[in-house]
Amino acid sequence: MKPTILLINFQDQQKLRKLKMALLPFKLRIKTIEPQDYSQPIGYLQIPSGLIPQEQMEKEMLILAGITGNLFDQVLYTLRKAGTPVDYKAVLTEHNQNWNCMQLYKEL
């Protein structure tokens, strides 16, 4: 799997652009998840769906998938340095890959 960052519930488009620009040098796959996909399992979000959202989120959430070690530290440092704080951050794991966005959001 290519290292990926999933961006969830980002309402501020300027902040979203700034965050994406800060991450550009890492050549990571960055995907913005739409509300209709919130009920999809996190590990499955590369495939679009037509599901209707069951609940709404109040905060932003960022999920790091396949990003480990030094790259992980560099990404988090770059986000802090760029001034793009994100309310909730998570890492895709074997344990949470079958959860949907709302389940992960509630857990965080």
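Residues numbered from 1 in each chain as written. Predicted model: local features only at pLDDT ≥ 70, side-chain atom pairs only at ≥ 80, totals over all residues. Heavy atoms only, no water.

Draft legend 1. Examining the sheet that holds strand 3 (residues 61-65) more closely. Spatial ordering of the open sheet is given by 2-1-3-4, a layout of four strands whose pairing is mixed. The strands lining the two open edges of the sheet, one partner per strand, are strand 2 (29-33) and strand 4 (88-91). For this sheet the average axis-to-axis angle between neighbouring strands, irrespective of direction, equals 20 degrees. Bridging between strand 1 (residues 4-8) and strand 3 involves five bridges; their strand directions are antiparallel. From the neighbouring strand, Thr4 faces strand 3, where its bridge partner is Ala65. (Pairing = 2+ DSSP bridges. Helix = DSSP H or I, 4+ residues; strand = E, 2+ residues; numbered from the N terminus. Axes fitted to C-alpha atoms, helices over the stretch in contact; angles between N-to-C directions.)

Draft legend 2. Spotlight on the pattern of salt bridges. According to the stated counting rule, one finds one salt bridge in the structure shown. For Lys15, the salt bridge identified is with Glu60, shortest N-O distance 2.6 Å. Pair noted here: Lys15 is in helix 1 (residues 13-23) and Glu60 is in the loop between strand 2 and strand 3, with a separation of 45 residues, a long-range link. Under the relative-accessibility criterion, Lys15 is labelled buried at 18%. (Salt bridge = Lys/Arg side-chain N within 4 Å of Asp/Glu carboxyl O. Buried < 20%, exposed > 50% of the residue type's maximum accessible area, 1.4 Å probe, protein only.)

Draft legend 3. Structural context of the nonpolar core. In this structure, Ile8, Met57, Met61 and Ile63 are the most contacted members of the largest nonpolar core, which totals 16 residues. Those elements that provide at least two residues to this core are strand 1, strand 3 and helix 3 (101-107). Per-element tally for this core: the top contributor is helix 3, with four residues. Those residues in contact with Ile8 that lie beyond four places of it in its chain are Ile33, Tyr38, Met57, Lys59, Glu60, Met61, Ile63 and Cys101. With 15 residues, the next largest nonpolar core counts Leu16, Leu19, Leu62 and Leu79 among its residues. (Core = buried A, V, L, I, M, F, W, Y, C linked by side-chain atoms within 4.5 Å. Contact = heavy atoms within 4.5 Å.)

Draft legend 4. Quick look at helix 2 (residues 69-81). Its 13 residues give helix 2 an end-to-end C-alpha distance of 19 Å, which sits within 8% of 18 Å, the value for a rise of 1.5 Å per residue. Taken together, the buried positions of helix 2 are Val75, Leu76, Thr78 and Leu79. On an axial view of helix 2, the arc spanned by its buried residues comes to 160 degrees, and they lie on one face. Facing away from the buried side of helix 2 by more than 90 degrees, the exposed set consists of Asn70, Arg80 and Lys81. At the C-terminal side of helix 2, Gly83 shows a positive phi close to 70 degrees. (Expected span 1.5 Å × (residues − 1). Arc of directions from axis to C-beta.)

Draft legend 5. Just the confidence of the model for the protein, in detail. Averaged over every residue, the pLDDT of the protein is 85; residues scoring 70 or more account for 89%. Between residues 47-54, whose pLDDT stays under 50, and residues either more than four places distant or in other chains, the model counts 14 contacts. (pLDDT = per-residue confidence, 0-100.)

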